[in-house]
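Survey of secondary and tertiary structure
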Amino acid sequence: MTIGQITYLGWWWFRAKFFGRKAPLQSVVFVSDRCNLSCKHCTVYNHKNPLTKTYEQVKADLEYCYSLGSRFVDFEGGEPTLWQDGDKTIDDLCDLAHELGFFSCTITTNAQKSFKGSHADSIWVSMDGVGEYHDKVRGKGTFERLEKNIKESGHKAVSVNMAVNTLNADGVEEAIRYAAENPYIDKISINFHTPFPGSEALALPWEKRQEIIDMVIRYKKQHYPIMNTVTGLKHMRDLKFRKVCWMTNYVHTDGTRTPECPGSLFEGVCEKCGFCMAGEERAVVDLAPDTIMAGLNLRVKK
Ligand SMILES: C[S@@+](CC[C@H](N)C(=O)[O-])C[C@H]1O[C@@H](n2cnc3c(N)ncnc32)[C@H](O)[C@@H]1O
Ligand code: SF4
């Protein structure tokens, strides 16, 4: 990270903390809702009538996010590695984000397609457990392809992200150990199922979720490569903290723009939020040392 970028972050924090300025620092830009999987926990994919943005539409989205003050972008879908407009691919979108001045560009992928040579600064691979646990959520053979594509990617910053639900809750410990032992994986991030309408049945009972968070904290304290911070995990344990979800704005596939996570649009979803970023964002505003270090570590180019 450059001195200019660190100064920008300090300035952003100062204005948020002392002047109550609610400007996003990162953006989630959905590029398409087309997907090559039908995961059991997902309510985003659209197989019937998939929408894909053009390069110019994504450019307008990025310019808008940048104008709000955002400096980190994550491309999401659907499956972002499937995105294409003529001969342009997701790599051209990452290049564009860099050209426009974003400090870093991330993609979140199911890793069913190769991402070798990806232009993203870091890659989040969604891994919902090891082997059978993952396949139970995402379909037979998906773990094998994920493992192969991670290994062959050659990318220096690949982390995995697990969404814990009733199907894979017993596989969290194994997933943490697997991530620690796999030389091609940097870190694992643990999230919990967020009950968007239609997927409520997959949410964990609250006591089970707390039990898992306590276990993750124990592993974290033993220095396993877990992206979540202890401060953030403790926030997610009871969800009683004041949320600062405006730190991330969203631009959806249909072009609609929301100043925060769309969870707030559905009654009761935020009360059962499983996106651990919510706890981490609170910790950033509170300047929790473990979260600041983790954030910088994530953003520093390797
Ligand atoms: C919607 S997917 C899109 C990107 C890509 N197709 C993938 O699977 O990584 C983005 C992330 O959201 C997670 N996700 C989807 N539905 C969720 C839910 N209801 N609660 C928590 N995480 C969820 C997925 O597991 C994935 O890690
Ligand atoms: S791969 Fe991603 S977008 Fe596709 S169905 Fe699974 S979670 Fe949803």
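This is a predicted model, so every value here is computed, not measured. Starting afresh in each chain, residues are numbered from 1 along the sequence in its written order. Chains and ligands are labelled sequentially in the order written, the chains with letters from A and the ligands with numbers from 1. The predicted nature of this model means local features are confined to residues of pLDDT at least 70 and side-chain atom pairs, given and counted, to a pLDDT of 80 or more, with totals for whole chains, interfaces and linings taken over all residues. Just so you know, side-chain values use all the structure's heavy atoms and leave hydrogens and water out.

On to the overall build of the protein chain, then. Helix and strand definitions follow DSSP, with helices as H or I runs of at least four residues and strands as E runs of at least two, each counted in order from the N terminus. Scanning the protein chain from terminus to terminus reveals 10 helices and 10 strands. Split into buried and exposed, the 302 residues of the protein chain put 54% on the buried side. Note on contacts: a residue pair qualifies if any of its non-hydrogen atoms lie within 4.5 Å across the two residues. Intrachain contacts of the protein chain at a sequence separation of at least 6 include 72% that bridge at least 24 residues. Residue exposure ignores everything except the shown protein chains as possible cover, and the areas themselves are Shrake-Rupley values with a 1.4 Å probe. Total accessible area on the protein chain stands at roughly 14100 Å², and carbon and sulfur atoms take up 54% of it. With 38 positive and 38 negative side-chain charges, the protein chain shows a separation of 4 Å between the mean positions of the two kinds. Residue burial is assigned from relative accessible area. The probe radius is 1.4 Å, only protein chains are included, and a residue is buried under 20% of its type maximum, exposed over 50%, and partly exposed in between. Only four residue types enter the charge count, namely Lys and Arg as positive and Asp and Glu as negative; His and the chain termini do not. For charged residues, the charge sits on one atom: NZ in Lys, CZ in Arg, CG in Asp, CD in Glu.

Structurally, Asp33 can be placed in the loop between strand E1 (26–30) and helix H2 (55–68). Despite its burial, Asp33 pairs with no opposite charge; the closest candidate is Arg34, at 7.8 Å N-O. N or O atoms within 3.5 Å of each other form a polar contact, as long as, within protein, one can give a hydrogen and the other can take it, and as long as residues adjacent in sequence are counted only when both atoms are side-chain atoms. A polar contact of 2.7 Å, which involves the side chain of Asp33, links it to the backbone nitrogen of Leu51. The residues contacting Asp33, other than those within four sequence positions of it, are Val44, Tyr45, Asn46, Pro50, Leu51, Gly78 and Thr253. Take a side-chain nitrogen of Lys or Arg and a carboxyl oxygen of Asp or Glu: if they are within 4 Å of each other, that pair is a salt bridge.

What follows concerns the site of ligand 2. In the neighbourhood of ligand 2, the contacting residues comprise Cys35, Leu37, Cys39, Cys42, Tyr45, Gly78, Asn110 and Arg138. A class-by-class count of the residues in the shell around ligand 2 yields 5 nonpolar, 2 polar and 1 charged. One heavy atom within 4 Å of a molecule or strand is enough for the residue carrying it to be called near that molecule or strand. Residue classes follow a fixed rule: Ala, Val, Leu, Ile, Met, Phe, Trp, Tyr, Cys and Pro count as nonpolar, while Asp, Glu, Lys and Arg count as charged, and any other residue, Gly among them, counts as polar.

Moving on, we come to the sheet that holds strand E8 (residues 188–192). Here, any two strands with at least 2 DSSP bridges between them count as paired. Strand order in the open sheet formed by 8 strands is E8-E7-E6-E5-E2-E1-E9-E10, with mixed pairing between adjacent strands. Here the strands that pair on one side only, and so sit at the sheet edges, are E8 and strand E10 (257–258). To get an axis, a line is fitted to the C-alpha atoms, and for a helix only the part in contact is used. The angle between two axes follows their N-to-C directions and goes from 0 to 180 degrees. Packed onto the sheet, helix H6 (residues 172–181) meets strand E7 (158–164) and E8 and runs at close to 160° relative to E8.

Its location among the elements puts Lys220 in helix H7 (residues 206–221). The class of Lys220 is partly exposed, set by a relative accessible area of 22%. A distance of 2.6 Å separates the side chain of Lys220 from the backbone oxygen of Ile226, its partner in a polar contact.

The subject of this paragraph is the packing of H2 against helix H3 (residues 90–100). Where H2 meets H3, the axes come as close as 10 Å, and the angle between the chain directions of the two elements is 35°. Here the hand of the crossing between H2 and H3 comes out right-handed. Each of Tyr55, Val58, Lys59, Leu62, Glu63 and Tyr66 in H2 lies in contact with H3, whose residues at this interface are Asp92, Leu93, Leu96, Ala97 and Leu100. Taken together, the residues that form the contact of H2 with H3 break down as 8 nonpolar, no polar and 3 charged. In this scheme the crossing of two helices becomes right-handed for a clockwise turn of the near helix relative to the far one and left-handed for an anticlockwise turn of less than a right angle.

The tally for this structure, following the rule as stated, stands at 7 salt bridges. Between Lys59 and Glu63 there is a salt bridge; the shortest N-O distance is 3.7 Å. One end of the pair is Lys59 and the other is Glu63, both in helix H2 and 4 residues apart, which spans about a single turn. Take Glu63: its relative accessible area is 39%, and that puts it in the partly exposed class. Residue Asp214 pairs with Arg237 through a salt bridge whose shortest N-O separation is 2.8 Å. Residue Asp214 is located in helix H7, and its partner Arg237 is located in helix H8 (residues 230–238); the two are separated by 23 residues in the primary sequence.

Without other data, these values stay purely geometric and don't point to any function.
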